[in-house]
Amino acid sequence: MSEAKVKKTYTKQDFTSDQAVRWCPGCGDYAILAQTQKVFPDLGVDKEDLVFISGIGCSSRFPYYMDTYGFHTIHGRAPAIASGVKLANPDLSVWVVTGDGDGLSIGGNHTIHLLRRNLDINVMLFNNRIYGLTKGQYSPTSEIGKVTKSTPMGSLDRPFNPLTLALGAGATFVSRTIDKETKHLQEMITKSHAHKGTSFMEIYQNCNIFNDGAFSSLTDKETKLDTVLWLENKSPMIFGVEKNKGIRLDGNTPTVVEIGDKFSVDDILLHDESDYVIASLLSNMTYNDGFPDPIGVLYSIEDTRYEDMMMDQIREATKKKGKSTIQDIINAGDTWVVK
Amino acid sequence: MSKTTKQVDEVVIRFAGDSGDGMQLTGGRFTETTAIVGNDLSTLPDFPAEIRAPAGSLAGVSAFQIKFSSRDIHTPGDAPDILVAMNPAALKAHQKEILPGGTIICNTNAFTPKNLKLAGYETNPLEDKTLDDHYTVYSVEMSKMVALACEDLGLTPKLVDRTKNFFALGLLFWIYDRPTQPTKDWLAIKFSKKPELVEANVRAMDAGYNYGETTEIFTTRYTVDKASLPPGTYRNVVGNYALSMGLAAAAEKSKLNLFYGGYPITPASDILHTLSAWKHLGIKTFQAEDEIAGITSVLGAAFTGSLGVTATSGPGISLKGESMGLAVMAELPLVIINVQRGGPSTGLPTKTEQSDLLQAMYGRNGEAPMPVLASSTPGDCFYAAYEACRIAIKYMTPVMLLTDGYLANGSEPWQVPNIDDLESIDVKFADKSSVVDGQFMPYLRDKKTLARPWAIPGMKDLEHRIGGIEKEDVTGNVNYEPDNHHYMVKTRAKKVESIADELGKSEIFGNKNGDLLILSWGGTRGACRSAVEALRAKKKKVSHLHIRWINPLPKDLGEILIKFKNVLMPEINSGQLSKIIRAEFLVDVKGLNLVRGKPISSADIQQAANSLIG
């Protein structure tokens, strides 16, 4: 909490609780948990200052397995509970673990309001595009026409694009990673932590029971080089097995072009994490046939944080009115004495 | 001509006008001044939910009633002695409640054909003599007189006309012999940036005062002696404000940070407003995105060691139900305030009701017992809020505090407490004593209170996980075993029940046995006490018992009930607490259930009592 504290050296084991992990064998959540426990010793945060808050769903069991402070709460409300934790003690490192149902359906309201307030809270949204815990209904990120138990003739609603939604809500840090890309996952966790303000990290996570292979084209060796656009700040948006494809702006419209006779690397759009327009354009490639899925940090800017401003107001009011006690307020106003 | 002065014991005045006529402000100023004069008083604001209903319409009538007295009084009065009606709609809406022989003062200038039509009058009641048989009517050209008083100020006629409420106030100040200076001082501060408005309102008030003094219309002034209240320093206090002070006092005494999360809702919003203005006390307020975030942010703050409080009204409580269940499960201290209003659904947002008691008791899924208490007067909101915080912290439990629209907006003289005299609130955070084999045990309970240890993020070696899934006793680990669940259900209930041990003996007003016991809870206390006083004055064997704690109920309640031949329970609902008491004690409680969006009157209660015991 304070500067004076001696930072301890931790190992993965220090962040592993004594509780048996109860996800289905083969679930993508295992990888995310493992990478989190692996990278946390390097964050430089004392264990007692870490808090994991979750809602309801498969992903929301996460806090039980982390040997930090944790609170497994109710469906959709983790961002609001985490806000209370952070406002009560802004020195804590607060993490929200949620899913596509928890964070975007029942709790969508809290997610967007957390993002606009920009509290320094890290959101890990496990997106498996399905409801796992309730056994396989479609989710708000399921592709249209999804056949599930509750939609035998196919789902009718258009999916949410989590990153577009986050950008629209005023997020200051928006990223995406994949459960199977362990190194990248670690890197995104580290960057989320380093960001001052709400960090929104979507993690593509495979539900091998109810939506197996939802992201296989992004993870299979044969296809992934053509389907994933790995984002590097200030680097051209190039992808493909031969690294010969890129994103080029044709007027205001992004297009996929081949680098060769017609276009050179210089024609390819440079990624800029601080550019909102580029971030929007990238986020909208998802669910958009013909485009690769962008993975990495789409957007990262510095902005004022709610908790800092709240504390500033308290300091300002105290300076202006002087440190008072409730007795001063009780005694104030028109009073009279009965003898 | 000579003016006579008459001494009276108590007076009930009702100010009524259009929503835009400033009736709440007028009533508020009359109240503050009456407090300074030293009368006991009680007030009842009554305003529409619409911010500005069409001008002149019945729907737009806003009223403020004050009763003041040289004696100790308990209610804002039943029927007014004097009605100030600023327009025909105000007269129409309130006329039938004036005491026969009462007085009506009208702003004649507002009795235009258009306004008369809007109010549904076919002829002008000020001219057709229909009122004269029953009331003394004073037709005063208030609008005209404020226009004359302010004519050289260069203000628009519209602005000048808005000062007419101060004319009425000045006139009433004269009639009841009250000083105008405190209101002049108040105006100077209120409109410090608009001196022309200070001047206009002062002139309007003086014009009203002088009108009483100089015209021959008003021949009698009334004086009301100071009330003989217990010695001490007093101030006037409004319920929601008293409640906010109680919360802040609890935070200070417990040395916890107060974290308030909430969403605006009538009639609870003033708690949010009040606490938000006290940042210099270190209070954190958070206007959340909805009712659910209001309580869940508080739950997060409580998990992190703050004194967490949220306030709302019935519809908000419905939304907060699941979160309260989590607070019961997580055993975290939390105070939830329900400023009850008329329901169901949106119901009557600005009117009072006591109809959320069963919701407070049982409105959560599963067996989710929660301590519930109710405040009984505007000033008592302070002590009830303090008590709610103290119990929440001591027993590590969410506590529901019930108030209502009448208590929240009503006011009364309040003896200023010294917070050193309040019962202490000792917070003992968890320490190594709750660590077994290197592992913190979040459900290793205190043997006496059954409270679990409170370890908060930032505390070294006490890291732990809690949640809404059933927990194993002691370790707090997820546990689905049948016997453990049964034990935890019983233990959570026992914890709440055990609070009764510290509540002490019930105080009966009157004899310990007799023909009738009148039972009250919440805001009906005053009306019940007044009724019992009146009945006892007529030698009836009637006593009064007020119940502060609904859950747990007082331990001695059963023994008290059986000593009376009849038990009557007035409630502004269809009999919610009487249902519980009948079930608990198998006593045939009779209800007086009037659900009209306004307080039950002492007269109603006396009538019900008389019909029971003759």
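As the structure is a prediction and not an experimental result, all values here were calculated from the model.

**Some remarks on the overall build of chain B**
Working step 1: Along chain B, the regular secondary structure elements total 20 helices and 25 strands.
Working step 2: The globule rule puts the C-alpha radius of gyration for 614 residues at 25 Å, and the 27 Å found for chain B is close to it.
Working step 3: The principal-axis extents of the C-alpha atoms in chain B amount to approximately 90 × 60 × 45 Å.
Working step 4: Counting all 614 residues of chain B, 62% fall into the buried class.
Working step 5: By sequence separation, contacts in chain B at least 24 residues apart represent 77% of the contacts at least 6 residues apart.
Working step 6: About 23500 Å² of surface is accessible on chain B, with carbon and sulfur atoms providing 51% of the total.
Working step 7: Across chain B, the mean location of the 66 positive side-chain charges is 2 Å away from that of the 69 negative side-chain charges.

**Brief notes about the pattern of salt bridges**
Residue and element names in this part refer to chain B.
Working step 1: This model, assessed by the stated rule, comprises 42 salt bridges over all chains.
Working step 2: With its nearest N and O atoms 3.1 Å apart, the salt bridge here joins Asp206 to Lys184. Placement of the pair is Asp206 in helix α8 (residues 195-214) and Lys184 in helix α7 (residues 181-190), with a sequence separation of 22 residues.
Working step 3: With a relative accessible area of 24%, Asp206 lands in the partly exposed category.
Working step 4: Between Glu331 and Lys495 there is a salt bridge, with its nearest N and O atoms 2.7 Å apart.

**A few points about the confidence of the model for chain B**
Close inspection of predicted coordinates is inappropriate for parts of the model with low pLDDT.
Working step 1: Model confidence for chain B is summarised by a mean pLDDT of 96, while 100% of its residues fall at 70 or above.
Working step 2: Both confidence scores are given for the complex: pTM 0.94, ipTM 0.96.

**Quick look at the interface of chain B and chain A**
Interface size is commonly expressed as the accessible area that is lost once the parts come together.
Working step 1: Listed by partner, the interface residues are 72 residues for chain B and 63 residues for chain A.
Working step 2: Here chain B and chain A share an interface that buries about 5500 Å² over both sides, 62% of which is from carbon and sulfur atoms.
Working step 3: If you sort the residues of chain B by the area they bury against chain A, B:His280, B:Glu289 and B:Arg465 come out on top, with a joint share of 14%.
Working step 4: At the surface where chain B touches chain A, the tally comes to 2 salt bridges.

**Examining unusual backbone geometry**
All names here are of chain B.
Working step 1: Of note, the amide linkage connecting Thr266 to Pro267 takes the cis form, showing an omega dihedral of 0 degrees.
Working step 2: Tracing the backbone shows Pro267 in the loop between β10 (258-262) and α10 (269-276).
Working step 3: Between Gly343 and Pro344 the backbone carries a cis peptide bond, its omega angle lying at 0 degrees.
Working step 4: Position of Pro344 relative to the elements: it lies in the loop between β13 (334-340) and α13 (357-362).
Working step 5: Even without being glycine, Glu331 reaches a positive phi, approximately 50 degrees.
Working step 6: By the element assignment, Glu331 lies in the loop between α12 (314-330) and β13.
Working step 7: Phi at Lys539 takes a positive value of approximately 65 degrees, unusual for a residue other than glycine.

**Remarks on the sheet that holds strand β22 (residues 542-547) of chain B**
All names here are of chain B.
Working step 1: If you walk across this open sheet you meet the 5 strands as β20-β22-β21-β24-β25, and the pairing is mixed. Two strands bound the open sheet, and with one partner strand each, they are β20 (508-509) and β25 (589-593).
Working step 2: As paired elements, strand β21 (residues 514-521) and β22 share 6 bridges and run parallel to each other. In the sheet register, Trp521 faces β22, and the bridge partner there is Ile547.
Working step 3: Each of β20, β21, β22 and β24 (564-571) is contacted by helix α17 (residues 525-537), which is oriented at about 165 degrees to β22, the strand it contacts most.
Working step 4: On the sheet, helix α20 (residues 602-613) packs against β21, β22, β24 and β25 and is oriented at approximately 150 degrees with respect to β24.

**Looking at empty space enclosed by the protein**
Residues and elements named next belong to chain B.
Working step 1: This model, assessed by the stated rule, comprises 3 cavities of 30 Å³ or more.
Working step 2: In this model, the largest cavity occupies a volume close to 90 Å³.
Working step 3: Lining the largest cavity are Leu44, Pro45, Asp46, Thr350, Lys351, Thr352, Gly405, Tyr406, Asn409, Gly597, Lys598 and Pro599.
Working step 4: Counting residues per element, the ones that place at least two in the lining of the largest cavity are β3 (40-46) and α15 (405-409).
Working step 5: For the lining of the largest cavity, the residue count by class is 4 nonpolar, 5 polar and 3 charged.
Working step 6: Roughly 70 Å³ of volume is contained in the second largest cavity.
Working step 7: Lining the second largest cavity are 13 residues, and of these Ser42, His74, Pro378, Tyr406 and Glu412 lie nearest its centre.

**Some remarks on the nonpolar core**
For soluble globular proteins, nonpolar side chains are generally found buried alongside one another.
Working step 1: Formed by 160 residues in total, the largest nonpolar core has its most connected members in A:Phe71, A:Ile326, B:Leu247, B:Leu332, B:Ile337, B:Leu519 and B:Ile581.
Working step 2: Among the elements that line this core, the one with the most residues is helix α14 (residues 380-395) of chain B, at 11 residues.
Working step 3: Excluding residues that lie within four positions of it along the chain, B:Ile337 makes contacts with B:Leu243, B:Leu247, B:Ile271, B:Val309, B:Thr310, B:Ala311, B:Thr312, B:Ile317 and B:Leu401.
Working step 4: Counting residues in hydrophobic clusters, the runner-up holds 46 residues, among them A:Trp336, B:Met23, B:Ile82 and B:Phe166.

**Notes on the packing of aromatic side chains**
Working step 1: All chains considered together, the criterion is met by 28 aromatic pairs over all chains.
Working step 2: Measuring from ring centre to ring centre gives 5.6 Å for A:Phe40 and A:Phe52, while their planes differ by 35 degrees; the resulting arrangement is tilted. Separated by 12 residues along the polypeptide, A:Phe40 in the loop between α1 (29-39) and β1 (50-54) and A:Phe52 in strand β1 bring together distant segments of the chain. Of the two residues, A:Phe40 and A:Phe52, neither departs from the other in class, the shared state being buried.
Working step 3: Ring geometry for A:Tyr306 and B:Phe286: centres 5.6 Å apart, planes at 90 degrees, overall edge-to-face. Taken together, the residues A:Tyr306 in helix α11 (residues 306-321) and B:Phe286 in strand β11 (residues 284-287) connect one chain to another.

**Describing α7(B)**
Residue and element names in this part refer to chain B.
Working step 1: Residues Pro182, Thr183 and Leu187 constitute the buried set of α7. The arc enclosing the buried residues of α7, seen along the axis, measures out at 135 degrees, which places them on a common side.
Working step 2: Each element contacted by the buried residues of α7 is listed here: α1 (23-37), α6 (164-175) and α8.

**Notes on the packing of α1(B) against α7(B)**
All names here are of chain B.
Working step 1: Between α1 and α7, the least distance of the axes is 9 Å, while the angle of their chain directions is 130 degrees. Classed by the angle they form, the pair α1 and α7 counts as oblique. α1 and α7 meet at a crossing whose hand is right-handed. Residues Leu25, Arg29, Thr33 and Ile36 of α1 pack against Pro182, Thr183 and Trp186 of α7.
Working step 2: Here the residues of the contact of α1 with α7 are counted per class, giving 4 nonpolar, 2 polar and 1 charged.

**Observations regarding the packing of helix α9 (residues 239-254) of chain B against α10(B)**
Pairs of packed helices are described in terms of their axes, by the angle between the two and the distance that separates them.
Residues and elements named next belong to chain B.
Working step 1: α10 packs onto α9 with a crossing angle of 50 degrees between their chain directions and a minimal axis gap of 9 Å. One finds that α9 runs oblique with respect to α10. As α9 runs across α10, the sense of the crossing is right-handed. Packed against α9, whose contacting residues are Asn240, Tyr241, Leu243, Ser244 and Leu247, the element α10 presents Asp270, Ile271, Thr274 and Leu275 at the interface.

**Re the layout of surface pockets**
All names here are of chain B.
Working step 1: The computed volume of the largest pocket comes to approximately 1300 Å³.
Working step 2: The wall of the largest pocket is formed by 40 residues, among which Gln24, Leu25, Val238, Asp270 and Asn409 lie closest to the centre.
Working step 3: Of all the elements in the fold, those that place two or more residues in the lining of the largest pocket are α1, β3, β4 (61-69), β9 (232-238), α9 and α10.
Working step 4: Looking at the lining of the largest pocket, the element that brings in the most residues is α1, giving 7 residues.
Working step 5: Of the residues in the lining of the largest pocket, the class split is 16 nonpolar, 17 polar and 7 charged.
Working step 6: If you go around the second largest pocket, you meet 39 residues; those closest to its centre are Arg14, Leu44, Asp46, Glu97 and Lys598.
Working step 7: Elements that contribute at least two residues to the lining of the second largest pocket include exactly β3, β4, α2 (88-94), α17 and α20.

**With respect to the sheet that holds strand β15 (residues 398-404) of chain B**
Residue and element names in this part refer to chain B.
Working step 1: Spatially, β11-β10-β12-β13-β15-β14-β23 is the arrangement adopted by the 7 strands of the open sheet, whose pairing is mixed. Taken across any chain shown, the strands that pair with only one partner, and hence form the sheet edges, are β11 and β23 (549-551). Ignoring which end each strand starts from, the neighbouring axes of this sheet average 20 degrees apart.
Working step 2: In this sheet, β11 lies alongside β10 in parallel orientation, the contact comprising 4 bridges. Considered in β11, the bridge of Phe259 is made with Lys284.
Working step 3: Here α9 sits on the sheet in contact with β10, β12 (307-312), β13 and β15, set at roughly 170 degrees to β12.

Basis of the calculations
Residues numbered from 1 in each chain as written. Chains lettered and ligands numbered in written order. Predicted model: local features only at pLDDT ≥ 70, side-chain atom pairs only at ≥ 80, totals over all residues. Heavy atoms only, no water. Helix = DSSP H or I, 4+ residues; strand = E, 2+ residues; numbered from the N terminus. Rg over C-alpha atoms; globule rule 2.2 N^0.38 Å. Buried < 20%, exposed > 50% of the residue type's maximum accessible area, 1.4 Å probe, protein only. Contact = heavy atoms within 4.5 Å. Areas by Shrake-Rupley, 256 points an atom, 1.4 Å probe, with all protein chains shown as cover. Lys, Arg positive; Asp, Glu negative; His and termini not counted. Charge placed at Lys NZ, Arg CZ, Asp CG, Glu CD. Salt bridge = Lys/Arg side-chain N within 4 Å of Asp/Glu carboxyl O. pLDDT = per-residue confidence, 0-100. Buried area = accessible area lost by both parts, 1.4 Å probe. Pairing = 2+ DSSP bridges. Axes fitted to C-alpha atoms, helices over the stretch in contact; angles between N-to-C directions. 1 Å grid on protein atoms, 1.4 Å probe; cavity = no way out; pocket = protein on both sides within 12 Å on 5 of 7 lines; lining within 4 Å. Points joined across faces, edges and corners; volume = space filled by probe spheres on them. Nonpolar A, V, L, I, M, F, W, Y, C, P; charged D, E, K, R; others polar. Core = buried A, V, L, I, M, F, W, Y, C linked by side-chain atoms within 4.5 Å. Phe/Tyr/Trp six-rings, centres within 6.5 Å; stacked < 30°, edge-to-face > 60°. Arc of directions from axis to C-beta. Parallel < 35°, antiparallel > 145°, perpendicular 65-115°, else oblique. Left-handed = near helix turned anticlockwise from the far one by under 90°.

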